[in-house]
Amino acid sequence: MVPSERTDATMTTRPNPNPNEPLEADLLLLNGRVLTLDARDRCYERGMVAVRGPRIVAVGGLEPGSRPIRAKKTLDVGGCVVMPGLINSHTHAAMTIFRGLADDLPLMDWLHNHIFPAERRLTEEWVYWGTLLACAEMMLSGTTTFCDMYLFEHKVAEAAKAAGMRAVVGEVLYDFPSPHYGPIEEGLRFTQSLIEQWAGDPLVRIAIEPHAPYTCGPPLLEACRDMGNRYRVPIIMHVSENESEVEQIRGRYGLRPVAHLDRMGLLGPDFVALHCVALDDQDMDLLAQNKVHVVHNPESNMKLASGIAPVPRLLDRGVNVALGTDGCASNNDLDLFAEMDTCAKLHKVSRMDPTVLPARSVLGMAVGSGARALGFGADLGEISTGKLADIIVLDFNRPHLTPLYDTTSHLVYAARGADVRHSIIHGRLVMEDRQVLTLDVDEVMDHVRNLARAVRTTPG
């Protein structure tokens, strides 16, 4: 059972021999309703969060006798909700440049007859500027971390770093030649170079990302498995996105995709399975037994008519299920608040049960479950002393958020990405009063508009 929201009135800080000595902070958020999303679901009605460097150094309620805090910058966030940043656990960021390019088509038609042909002309420049646009969109709608699979991923990493966003990125690997690296041997070498280049970076991590069982044969998957074991990085892959894929893999290997991957030794706590729409009971049992993380992408699955992932049944088995938007070519936006709303309502109507996937569970999918899936579980997903300061502030002084009876309910069913007022990533204020501080958003949009002229000439 999910604990109910409770309000505490004490400030939590690290022990200090002199509690009267001011706590030094770089940034102080005051007077907001602080939703910690910690294990006790603590909520501070009139709270504060103090940040020093990349981490939270104090969180609690404001009351007489609280330890004083001396901050370089203070934001009064009265009337706002302060919460952990959202985590978009699956997207293809640079596909912002293909937003609306080929809509209302089945998955395989969309992919093979429109997206793959457009991607054959893809360049580093397209990926860099498309990713910057995605970063702007995500920051403006409350996402502080995203997980990306695409081509020219070194440019995705560079764009995320320039924007100040936290990201897990990986070059998509196929059996056939890539428009970026050519033959698959070069793709594996490129992935290895990314792992080594970004090792230890505070914002960017690398994953190994074979596309899907139907585009990656056993030799490639074995190489990915071995590289993942060697470098101890996650493997992230589309799995069982629709029934057509399942039948294709069963015809090729005599097994369903999940069993096929299990036989090859890929499933485990460092494996992230994307979509997982077409699953049977044995598939779900294997995912649970191997502690695989699943990323649910409801809006993309709906738009491509792939089906409805059995998320409640996965959760009943103890599978960690995170939330993603997929790319803008199949969604067509990166707003995780909209994704949460869709997720909750989709499963209620599909099960004809209004109690399925309550708001707190869905909010957890977009925050804590995403942190665990991407390997940030010890550092992200809650507002607590010592955690990394990835924090968003939503303005609740809005007609569509009035009156307020239950904060979590409003966040899932009523809030919008446009309600996000401030965003902090790794302790850095990256958006203040709806102004992105790390990017010239107008310049980015103009650049992508110019790129779209070349995209329109793509045959397909």
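It should be noted that the structure appears before, not after, this text.
Being a predicted model, the structure only gives us computed values, none of them experimental.

Reading the values: the criteria
Residues numbered from 1 in each chain as written. Predicted model: local features only at pLDDT ≥ 70, side-chain atom pairs only at ≥ 80, totals over all residues. Heavy atoms only, no water. Helix = DSSP H or I, 4+ residues; strand = E, 2+ residues; numbered from the N terminus. Polar contact = N/O pair within 3.5 Å; in protein donor to acceptor, adjacent residues only side chain to side chain. Contact = heavy atoms within 4.5 Å. Core = buried A, V, L, I, M, F, W, Y, C linked by side-chain atoms within 4.5 Å. Buried < 20%, exposed > 50% of the residue type's maximum accessible area, 1.4 Å probe, protein only. Axes fitted to C-alpha atoms, helices over the stretch in contact; angles between N-to-C directions. Parallel < 35°, antiparallel > 145°, perpendicular 65-115°, else oblique. Left-handed = near helix turned anticlockwise from the far one by under 90°. Nonpolar A, V, L, I, M, F, W, Y, C, P; charged D, E, K, R; others polar.

Trainee: How would you summarise the side chain of H293 if you had to cite specific residues and measurements?
Mentor: Looking at the element boundaries, H293 is found in strand β15 (residues 293–296). At 3.1 Å, the side chain of H293 forms a polar contact with the backbone oxygen of P269. When neighbours within four sequence positions are excluded, H293 is seen to be in contact with P269, F271, V272, A273, N320, R372 and A373.

Trainee: I'd love a proper account of the nonpolar core, names of residues and values included.
Mentor: Formed by 140 residues in total, the largest nonpolar core has its most connected members in M83, F98 and F271. If one sorts the elements of this core by residue count, helix α2 (residues 124–140) sits on top with 10 residues. Here F98 is in contact with A118, E119, L122, W126, Y150, A329 and V455, once residues within four sequence places are set aside. By size, the runner-up hydrophobic cluster in this structure holds 18 residues, among which are V59, C80, V82 and A389.

Trainee: Any chance you could break down the packing of α2 against helix α3 (residues 153–163) for me, citing the residues and the numbers?
Mentor: Relative orientation of the contacting elements α2 and α3 amounts to 40 degrees, with a least axis distance of 8 Å. By the criterion of interaxial angle, the relationship of α2 to α3 is oblique. Pair α2 / α3 crosses with right-handed handedness. Of the residues in α3, those in contact with E124, V127, Y128, T131, L132, C135 and M139 of α2 are H154, K155, V156, E158, A159, A160, A162 and A163. Across the contact of α2 with α3, the residue classes tally to 10 nonpolar, two polar and three charged.

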